Amino acid sequence: MTKRTLQLKIYRYDPDKDEKPYMQDISVELEASDKKLLDALVRLKGVDDTLSFRRSCREGVCGSDAMNINGKNGLACLTDLESLPQPVVLRPLPGLPVIRDLIVDMTQFFKQYHSIKPYLINNDPTPERERLQTPEDREELNGLYECILCACCSTSCPSFWWNPDKFVGPAGLLAAYRFLADTRDQATSERLDNLEDPYRLFRCHSIMNCVDVCPKGLNPTRAIGKIKDMMVARAV
Amino acid sequence: MTVAKRTFDAVIVGAGGAGLRAALQLSEAGLKTAVLTKVFPTRSHTVAAQGGVAASLGNSTEDNWHWHMYDTVKGSDWLGDQDAIEFMCRKANEVVVELEHYGMPFDRTDNGKIYQRPFGGHSQNYGQTPVSRSCAAADRTGHAMLHALYQRNVRANTQFFVEWMALDLVRDSEGNVVGVTALEMETGEVTIFHCRATIFATGGAGRIYHSSTNAFINTGDGAGMAARAGIPLEDMEFWQFHPTGVAGAGVLITEGVRGEGGILRNASGERFMERYAPNLKDLASRDVVSRAMTTEINEGRGCGPDKDYVLLDITHLAPETIMKRLPGIREIAIQFAGVDPIKEPIPVVPTCHYQMGGIPTNYKGQVVVPKNGDPNSAVSGFYAAGECACASVHGANRLGTNSLLDLLVFGKSAGETVVEDFNSGALPLRELPADAADYSLSRMSRLESQTNGESVFDVGLEMRRTMQKHAGVFRFDDLLKEGVAKINEVAERAKRTEIKDKSKVWNTARMEALELDNLIEVAKATMVSAEARKESRGAHVRDDAPDTPETPNGRNDKEWLKHTLWYSEGNRLDYKPVNLNPLNADTKPIALAKRTY
């Protein structure tokens, strides 16, 4: 079998030795079994062990290997090598501080996720068996609970770039709506109060980059719209 | 090098299902707890579980824990300890209902209860007919569970140390466990975590094999740390090969596909499982199905140009059922097999999936080792739960959905035991040895200064290939013997690994070298234990163990109804009895019998 070569241009920065970041031109010989971008990165790391990136499940459920691929955020493990024009340009997720190479500091992202109280609130006495929920009510959670917290969406959102400390961002707001939409949750008004300010929810201008990049095919913009509807409904 | 020290009541290593479930117990009881995890908690491999968690809720079909216990003991090929199995099956409803209360988005039945589907090896009335026992959230049960557990821990204010890799267990001169050393990825600094109780919940080590459903992070860190610290590893010859990994990619396709009606077919389109398991067919136990598939392939009835896989067919299911119950599987098939399962069957092969053995524990989550004639003497201050532990509930073969149940039940149980021991004063903060960090630091500095050494990538590849070739679905005496020699050679090479990356900051090369040390312990344990066990039982099947009336399916209860214990020091083996007695006197033991499905 003929060897395939992949040309890459990778953002490199090791604060221990580099004064500033630089783009590295590099190529890697692929094996026939290398199908996804992550396969190529792992192959490359076998040659140059200094290349740093996060990865784990390699099947799109853990959310570790989000990066900016040819200008668009995505998961390396779900990106077909065949689909990529070369050289493949890889940068860390935009808008978050870079720790090293393709590894970003996600503190701000998780802080916003935590700020929406991402857990079920129900103060009734705990029943002995499961709480009942109709299949229709359960279906309301589809398209919401599947989020893998990869941050592709929030780091593609201009509103999040400008105000990462004040705007919750698409991932956090998707999670907020996941609990608002859950018939078992009792904290609707508390949750809406928590988002009622000029920035936290309302900085979303429906640019829809989040929808465009979500590797799980989720739609944070729609969830945000529904929260806005709930805000309006309770105001009248 | 200066080493910082931090003190806690308890340290949990790992934030997958077992670690998070244990953490809830400790946080809610007010213990000062640190959870160390090398990845953000929701990136732990529990996230990849698909088909469901077992509990005899009986929401769709009649069920009870006695039947579940029977299925689990039979599934284990009688190697599982019946006290731990009874404990797990009786606790199942409680821990699953708790998850629902935490907010887990289970699918629902028409009357609003948790949706349950059939799964391999689970039956009604002691092996009679399939039962719907697997509680599911579509085919993303692990993801839904892990996120719900993490969310509940956010509510409980659990303190996480995210992207910290534990390096070594710290024991005092009497063998008590007094903490762990850990490396902070972002700074490269080593810290000693000094504590009263250490709980390992580090997951499995499926990455010892070349073809594996496991995540890159599944490197047996807990097993490796325990083994280096003199704790034996139990039953490591028993590895589950999941019947349906995507051919080539290794990515998991849940058994829930067959639970929803999927059928395995060979090159002529035959539903071959009817020949191997006339009763449960495609829903027989995983070891049985994996062997049947391998036999079909070995005898020339595989599919594709190289006849090296079989097909998993769901084209006869309604597209709506696939979209509703198996949406993630459809995505995976399209992404990794290039087929839409609504229209075309999925190419699959048996793929390494789960470690049945591990750090020996009892049903309370205490780590137990032979001492002064007692085969199960608790190591003070040390607990383990989930895939890294061996309670032992899975014995020689785990049933699907019992892994998520294991991590819930024993994560909770380990947490409860620590809280009880803490409250009763049985957990003093023992003095830290003066050289507590020396061993870890010497490993780090060896790696730092190594020249003309071995590449981590190459040694890892050699280990994975050796395991795949010498300790696979079917095992052969000559291959195992060669395998022991080879893996010992690989282990020698691993002592001389060299990394080019010398940065302090997020040094993944260093991390992978340290992970390889852990994998190597597990690989040696597996090969040495497998070579020694001269019978077929569950997932360990040798060609030289004949099926006779005295040795049904090659299982030799007279000589081999015992747990293996492997010690890293001297690469030596010991054995201990299987507990055939249930926990409660009024529960009837499940008597030994030939395993058929």
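Residues numbered from 1 in each chain as written. Chains lettered and ligands numbered in written order. Predicted model: local features only at pLDDT ≥ 70, side-chain atom pairs only at ≥ 80, totals over all residues. Heavy atoms only, no water.

Chain B appears in an unreviewed UniProt entry as Succinate dehydrogenase flavoprotein subunit from Azoarcus taiwanensis. Taken directly from UniProt, the Sequence similarities (unreviewed entry) text for chain B runs: "Belongs to the FAD-dependent oxidoreductase 2 family. FRD/SDH subfamily." Per UniProt, chain B carries the Catalytic activity (unreviewed entry) text "a quinone + succinate = fumarate + a quinol". (UniProt positions renumbered as here; feature names shortened; annotations may be inferred.)

By the naming in an unreviewed UniProt entry, chain A is Succinate dehydrogenase iron-sulfur subunit, taken from Azoarcus taiwanensis. Recorded in UniProt under Catalytic activity (unreviewed entry), the annotation for chain A is "a quinone + succinate = fumarate + a quinol". If you open the UniProt record of chain A and go to Sequence similarities (unreviewed entry), you find "Belongs to the succinate dehydrogenase/fumarate reductase iron-sulfur protein family."

Peer 1: Hey, could you run me through the nonpolar core in this one?
Peer 2: With 177 residues, the main nonpolar core has L8(A), L37(A) and L90(A) as its most contacted residues. With 11 residues, the top contributor of residues to this core is helix α3 (residues 82–102) of chain B. Of all hydrophobic cores here, the second largest spans 62 residues; its members include F241(B), C352(B), A494(B) and A513(B). (Core = buried A, V, L, I, M, F, W, Y, C linked by side-chain atoms within 4.5 Å. Buried < 20%, exposed > 50% of the residue type's maximum accessible area, 1.4 Å probe, protein only. Helix = DSSP H or I, 4+ residues; strand = E, 2+ residues; numbered from the N terminus.)

Peer 1: It is not clear to me how the confidence of the model for chain B should be interpreted in this structure. Could you clarify?
Peer 2: Any segment with low pLDDT has predicted coordinates that should not be analysed in fine detail. Per-residue confidence for chain B gives a mean pLDDT of 97; residues scoring 70 or more make up 100%. We note a pTM of 0.97 for the whole complex and an ipTM of 0.98 for its interfaces. (pLDDT = per-residue confidence, 0-100.)

Peer 1: Honestly, the sheet that holds strand β1 (residues 4–12) of chain A in this entry has me stumped. Any pointers?
Peer 2: All names here are of chain A. Ordered in space as β2-β1-β5-β3-β4, the 5 strands form an open sheet in which the pairing is mixed. The open sheet has two edge strands, β2 (22–30) and β4 (72–75), and neither has a second partner. Between one strand and the next, the sheet's axes are offset by a mean angle of 35 degrees, whatever the strand orientation. With 2 bridges joining them, strand β3 (residues 66–69) and strand β5 (residues 88–91) adopt antiparallel strand pairing. Each bridged residue has a counterpart across the sheet, and for N68 the counterpart in β5 is R91. Relative to β2, helix α1 (residues 37–47) is tilted by about 95 degrees, and along the sheet it contacts β1, β2, β3 and β5. (Pairing = 2+ DSSP bridges. Axes fitted to C-alpha atoms, helices over the stretch in contact; angles between N-to-C directions. Contact = heavy atoms within 4.5 Å.)

Peer 1: Before we go on, may I ask you to explain the packing of aromatic side chains in this structure?
Peer 2: Each aromatic ring pair is characterised by the separation of its centres together with the angle its planes make. All names here are of chain B. In this structure the tally under the stated criterion is 17 aromatic pairs over all chains. The interplanar angle of 90 degrees and the centroid separation of 5.0 Å between the aromatic rings of F200 and F382 together place this pair among those described as edge-to-face. Of the two residues, F200 is situated in strand β9 (residues 190–200) and F382 in strand β17 (residues 374–384); the sequence distance between them amounts to 182 residues. Overall, F200 belongs to the buried group, its relative accessible area being 0%. (Phe/Tyr/Trp six-rings, centres within 6.5 Å; stacked < 30°, edge-to-face > 60°.)

Peer 1: How should the pattern of salt bridges be read in this particular structure?
Peer 2: Two side chains that carry opposite charge are able to pair once their charged atoms sit near each other. Following the criterion strictly, the structure yields 74 salt bridges over all chains and no others. A salt bridge links R43(A) to D34(A), with the nearest nitrogen and oxygen atoms 2.8 Å apart. Among the residues examined, R43(A) registers a relative accessible area of 23% and is labelled partly exposed. The network of salt bridges with shared partners includes D77(B), E237(B), D287(B), R291(B), R533(B), E535(B), R537(B), R555(B), D557(B) and R595(B). (Salt bridge = Lys/Arg side-chain N within 4 Å of Asp/Glu carboxyl O.)

Peer 1: Just checking my understanding: could you explain the interface of chain B and chain A for this structure?
Peer 2: Many analyses report the size of an interface as the accessible area lost when the parts associate. The interface is formed by 64 residues belonging to chain B together with 60 residues belonging to chain A. With both chains or domains summed, chain B and chain A bury close to 5100 Å², and 53% of this area falls on carbon and sulfur atoms. Between the two partners, chain B and chain A, sit 7 salt bridges. Close ionic contact of D107(B) with R138(A) constitutes a salt bridge, the shortest N to O distance being 3.3 Å. Viewed at the interface, chain A and chain B are joined by 38 residue pairs in polar contact (both at pLDDT 80 or more). Here the element with the most residues in the side of chain B that touches chain A is helix α4 (residues 141–155) of chain B; it accounts for 7 residues. Across the side of chain B that touches chain A, the residue classes tally to 27 nonpolar, 19 polar and 18 charged. (Buried area = accessible area lost by both parts, 1.4 Å probe. Polar contact = N/O pair within 3.5 Å; in protein donor to acceptor, adjacent residues only side chain to side chain. Nonpolar A, V, L, I, M, F, W, Y, C, P; charged D, E, K, R; others polar.)

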